[in-house]
Amino acid sequence: MSSFRRDIAFAVRTLRKNPAFAVTAIATLALGIGATTAIFSVANAVLLRPLPYHEPDRLAIIWGELRSRNVADWIFAPGDLKDVMDQATLFEGIAGVRTGRAPLIVAGSPPQQIRTAFATPNIFDVLGVRLARGRNFEAEDGRPNPPAQIQPGQALAGPPPNLLPGIAILSDEFWRRQYGADPSLVGKNIQIGGGAPVLVVGVLAPGVELHFPPRAGMQRRPDVWISARINYEADVARNNVAWYAVGRMRPGVTLAAAHNQVDQIAKGLWERFPLKKTVGLYFRAEGMHDDVVGSVRPTIRALMGAVVFVLLIACANVANLLLVRVSGRERELAVRAALGGSSWALTRQLLAESLVLSLAGGVLGLGLAWAGVKLLLRLAPQDLPLIDTVSIDPWVLSFTIAACVVSAVIFGLVPALRASRPQLTDALRAGGRGMTGGRGALLRRSVVVAEVALSFILLVGCGLMIRSAIALNRVDPGFDANNLLTFRLGNMGVRSAQEAEAKLAVIRQRLAAIPGVRGVTWAGQLPLDAEPSSGRWGREEARADPSLYQQGQFHFVPVGYFATMRARLIAGREFDASDEVEGARTIIIDDIVAQMAFPNEPAIGKTLLARPGGPDAVPYAVVGVVKHLRHTTLAGEENESIYFQGDFGNSWLVRTSGDALAVAGPVRQALRDVDPQLLVTEMVPLSDNLSRAMAPTRFALGLISVFAALAATLAAIGLYGVLANLVRQRASEIGVRMAFGAQPASIFRLIIGQGMALSIFGVVAGLIGAFWLTRAMGKMLVGVTPTDPVTFASMTALFFAIAAAACWIPARRAAGLQPNVALRED
């Protein structure tokens, strides 16, 4: 231990005498270690850290599939959910849950929007979370409401009769924010929406969250959890899907076994309900953590691979610096060896210097990582799961220490081994000028070739992401998002359909009268904002053969919707007043439906069967065909869309003549004038939805671009360093060549040629590596293949341009040497 301390002390003194070398090496390592630590902190939080539940590895999300209709993620109808809950014996419990938003009504205050979750009473037992106060849900809390005896057309002054009181448990954060952590709230009622009051029976422990994959569109932090009173035996219990299912497997049960059991339950439903066999209903169990992070795992792995490459390139650069430094210390090391210094002692001394450099780089890199994490949290997409849990925790600190030690070995071992076996005669004869032999030069050139290969692979990855971003920007969303203001409207406070219709007319009239407003409309879901409702549709022959039905997106929109959205009407007309007449069954379809249902023939006037509600599909007349509007993604294929004339939607859109946000104030005032109790939330431009849809690709592109630029810069510096050292070592040779008539241009070409030769070897190795490694980026790419020849060719040309720039300065210096000066340098 004492000898190790002496080695460290000697290394520190030696590095102090060479501050330029030390600062350069430490800064290079800090960049590599800092970038790697920052991305590892993301990987640790998202991919490695378990979900915050009791024994989270036993949790599984259960999905349905409609394989005959190409639907991968199907949620549960109440009756199907009950069958799975009762028959899945490999699970300790299975719970159903769905989330949404609702107004909280507080006497004397404007309503406010809160996040709600309706769940079966066993939800917290399944998740394995605890309460801080009060009691958990009980089985009785989920008893169904008795059927309400309401006459058709009856106006209700309050909630439906016979409605059992709702039972609610609050989140700790909501309890503290809204009620000041008042312990007396437990046992009291609160008013949510227009239904009966709900009784608060408990408060959750701090930090309880609901984790589902982003594609589910679930609220991660519900404010209020309400025990759902589900009637599993109702007439619509097998048709109206609404519930997500999560289960806790019994100890020792594998995910594969659980999956097989729920799949068998689905097949058992085929015999009782032939339609479920027709649609190809299957169930599958996915590990909860894997399902939550599955969509981002390829991106994070690719980013982690990219920063590891950056760290390796940084180590290679420092290794080259050390090789040059060792070359200058050959005489010193030879003398120490001649005086009895062992090879291990020399190796240990050089490794001590490497460790000091690496630890110093690690400390500085940790500071860069901290700043990088803060920046990542601001730039990351909103729906990146668990991103807000990223931090520099003990695991990340351990990783940083390990990265420092491994880096020290990587960049220090080869120079140390090289220095531990000095050629005494050659070193002493060199008179302190440093070795110019082939072994050291070959090592340095090999390291540069490796740097070039690694940085070229990153450049190719960057090029693929650039091509993806370009392709994404070219995707036609089907609407004009510019100058469109959106908001959500709730708490209408009406008692009948007629009153709602009158109030909606007043709202549209007031908004349309605002100066600068060019159109007002609403929809059930905004484009690129949520998973729309879906339903089955088909041609007339599907009535006799249900296997011919398709599953498409269903949307409910008013008259004037497509004009306000500036969607392209391909054929027919938009909805008009005739479609608002009771009993009118008209639809507008998109061009995908038109091609599927009526290939090579006009769709206008034809009839399609559709089931927007009720037990059976009924005929609708096609009155219009529009260009497909993107509702869920810009990056992939979407299901077809059918539009129905609807009465109300809580998502509103206001078309303006200028900046959408310029009318936000007047819009809020107009809504207050109509009804001060209206709940207005999420007022943002629709262009934000486009930006959010592009955010994952832009995020990955930004990070990979930074890493690729850093890698290419480090590789260019490494190439420059080797050539500059080569010019210095061969100065006398260049002087002799020029003394015998060599022209500066030929010397310039000689040095450029040697630099480009190293680049060619590195690029060839990089091409081979990129051909295989970029395949892992397949799920990140849009409109381009992982082996896109245009990208490979353009990045090859770009790197050769970078390499030529790196070679130019040493070549220019060599060409400008004076023979007499060069000969004296020997």
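Quantities reported herein were computed from a predicted structural model and do not represent experimental measurements. (Residues numbered from 1 in each chain as written. Predicted model: local features only at pLDDT ≥ 70, side-chain atom pairs only at ≥ 80, totals over all residues. Heavy atoms only, no water.)

Student: Before we go on, may I ask you to explain the overall build of the chain in this structure?
Tutor: When you go through the chain residue by residue, the secondary structure sums to 23 helices and 22 strands. Considering the chain as a whole, with its 826 residues, one finds that 50% of them fall into the buried category. In the chain, once contacts between residues fewer than 6 apart in sequence are set aside, the share between residues at least 24 apart is 80%. With an accessible surface of roughly 36,600 Å², the chain has 58% of that area assigned to carbon and sulfur atoms. (Helix = DSSP H or I, 4+ residues; strand = E, 2+ residues; numbered from the N terminus. Buried < 20%, exposed > 50% of the residue type's maximum accessible area, 1.4 Å probe, protein only. Contact = heavy atoms within 4.5 Å. Areas by Shrake-Rupley, 256 points an atom, 1.4 Å probe, with all protein chains shown as cover.)

Student: Can you walk me through the pairing of strand β8 (residues 198-204) in this structure?
Tutor: Successive residues of a regular strand alternate their side chains across the two faces of the sheet. Burial runs high along β8: six of the seven residues are buried. Where strand β5 (residues 131-134) lies against β8, three bridges are found, and the strand directions are antiparallel. Residue pairing for β8: L131 is matched across the bridge by L204. Bridge count between strand β6 (residues 166-170) and β8: five bridges; the pairing is parallel. Residue G166 lies in a different strand from β8, and its bridge partner there is V198. Relative to β8, strand β7 (residues 189-192) is paired through two bridges, and the arrangement is antiparallel. Considered in β8, the bridge of N189 is made with L199. Linkage of β7 to β8, two consecutive antiparallel strands, is achieved through a turn of five residues, within which G193 is found at a positive phi near 65°. (Pairing = 2+ DSSP bridges.)

Student: Could you clarify how one ought to interpret helix α22 (residues 789-815) in this entry?
Tutor: Each turn of an α-helix holds 3.6 residues, which means side chains three or four residues apart point in the same direction. Here α22 is 27 residues long and its end C-alpha atoms lie 37 Å apart, about the 39 Å a rise of 1.5 Å per residue gives. Of all the bends in α22, the largest measures some 35° and sits at W808, one to four residues before the proline P810. All buried positions along α22 are accounted for by T791, F792, M795, T796, F799, A803, A806, C807, P810, A811, A814 and A815. (Expected span 1.5 Å × (residues − 1). Bend = angle between axes of the 7 residues up to and from the residue.)

Student: Sorry if this is basic, but what is going on with the sheet that holds strand β12 (residues 484-490) here?
Tutor: Pairing between the strands of a sheet comes from backbone hydrogen bonds, and it takes one of two forms, parallel or antiparallel. Read from one edge of the open sheet, four strands run β13-β21-β12-β22, paired in antiparallel fashion. Each end of this open sheet is capped by a strand with a single partner; those strands are β13 (517-523) and β22 (679-685). In this sheet, neighbouring strand axes are inclined to one another by 20° on average, regardless of whether the strands run parallel or antiparallel. Bridge count between β12 and strand β21 (residues 651-656): five bridges; the pairing is antiparallel. For R488, the partnering residue across the bridge sits in β21 and is S651. Packing against the sheet, helix α15 (residues 497-512) makes contact with β12, β13 and β21, and its axis sits at approximately 150° to β13. (Axes fitted to C-alpha atoms, helices over the stretch in contact; angles between N-to-C directions.)

Student: Mind showing me how you'd approach the pattern of salt bridges here?
Tutor: Oppositely charged side chains can form a pair if their charged atoms are brought close together. Evaluation of the coordinates by the stated rule reveals 41 salt bridges. When the shortest N-O distance is used, the salt bridge between E65 and R67 registers 2.8 Å. Relative accessible area serves as the criterion here: at 13%, E65 is assigned to the buried category. Two residues, D141 and R135, come together in a salt bridge whose shortest N-O distance is 2.9 Å. (Salt bridge = Lys/Arg side-chain N within 4 Å of Asp/Glu carboxyl O.)

Student: Mind showing me how you'd approach the nonpolar core here?
Tutor: What tends to happen in soluble globular proteins is that the nonpolar side chains get buried as a cluster. V97, I123, F124, F212, W225, M288 and F707 are the most contacted members of the largest nonpolar core, which has 115 residues in total. In terms of residue count, the dominant contributor to this core is helix α19 (residues 687-729) (18 residues). Setting aside its immediate chain neighbours within four residues, F124 contacts V129, L131, N136, F137, I169, L204 and W225. Counting 29 residues, the second-largest nonpolar core is a separate cluster that includes L66, V71, A228 and W243. (Core = buried A, V, L, I, M, F, W, Y, C linked by side-chain atoms within 4.5 Å.)

Student: How should a nonpolar patch on the surface be read in this particular structure?
Tutor: On the surface, a cluster of nonpolar side chains totalling about 600 Å² of accessible area is made up of I760, V764, I768, F771, W772 and L773. Assignment of secondary structure puts I760 in helix α21 (residues 744-773). (Patch = residues over 30% accessible without salt bridge, like charges linked within 9 Å, V, L, I, M, F, W, Y side chains within 5 Å.)

Student: Any chance you could explain the packing of α21 against α22 here in plain terms?
Tutor: A pair of packed helices is characterised by two quantities: the angle between their axes and the separation of those axes. For the pair α21 and α22, interaxial distance at closest approach is 8 Å and the crossing angle is 150°. As the angle between them shows, α21 and α22 are arranged roughly antiparallel. Handedness of the crossing formed by α21 with α22: right-handed. When its residues are assigned to classes, the contact of α21 with α22 shows 22 nonpolar, three polar and one charged. (Parallel < 35°, antiparallel > 145°, perpendicular 65-115°, else oblique. Left-handed = near helix turned anticlockwise from the far one by under 90°. Nonpolar A, V, L, I, M, F, W, Y, C, P; charged D, E, K, R; others polar.)

Student: Would you take a moment to explain the pairing of strand β10 (residues 244-249) for this structure?
Tutor: Of all the six residues making up β10, six are buried; the element is thus mostly covered by neighbouring parts of the structure. Judged by which residues are buried, β10 turns out to be covered on both faces: Y244, V246 and R248 on one side and A245, G247 and M249 on the other are all buried. Examined bridge by bridge, strand β1 (residues 59-66) and β10 share four bridges and lie antiparallel to one another. Each bridged residue has a counterpart across the sheet, and for L59 the counterpart in β10 is R248. Bridge count between strand β3 (residues 91-105) and β10: six bridges; the pairing is antiparallel. If you follow A95 over to β10, its bridge partner there is V246.

Student: Any chance you could explain the packing of aromatic side chains here in plain terms?
Tutor: Where two aromatic rings form a pair, the distance of their centres and the angle of their planes describe that pair. Scanning all chains against the criterion turns up 16 aromatic pairs. With a centroid separation of 5.3 Å and an interplanar angle of 90°, the aromatic rings of W270 and Y282 are classed as edge-to-face. You can see W270 sitting in helix α6 (residues 255-272) and its partner Y282 sitting in strand β11 (residues 281-287), a full 12 residues away along the chain. In this pair, the class of W270 matches that of Y282, namely buried. Measuring from ring centre to ring centre gives 5.4 Å for F556 and F644, while their planes differ by 25°; the resulting arrangement is stacked. On the criterion of sequence distance, the pair formed by F556 in strand β15 (residues 550-557) and F644 in strand β20 (residues 641-645) is long-range, its members being 88 residues apart. Residue F556 is classed as partly exposed on the basis of its relative accessible area of 30%. Put simply, the rings of F554, F556, Y620 and F644 pair up and form one aromatic cluster. Here R67 stacks its cationic end above the ring of Y282, 3.7 Å away from the centre of that ring. Over the ring of Y549 we find R536, and its NZ or CZ is 5.3 Å from the ring centre. (Phe/Tyr/Trp six-rings, centres within 6.5 Å; stacked < 30°, edge-to-face > 60°. Lys NZ or Arg CZ within 6 Å of the ring centre and 35° of its normal.)

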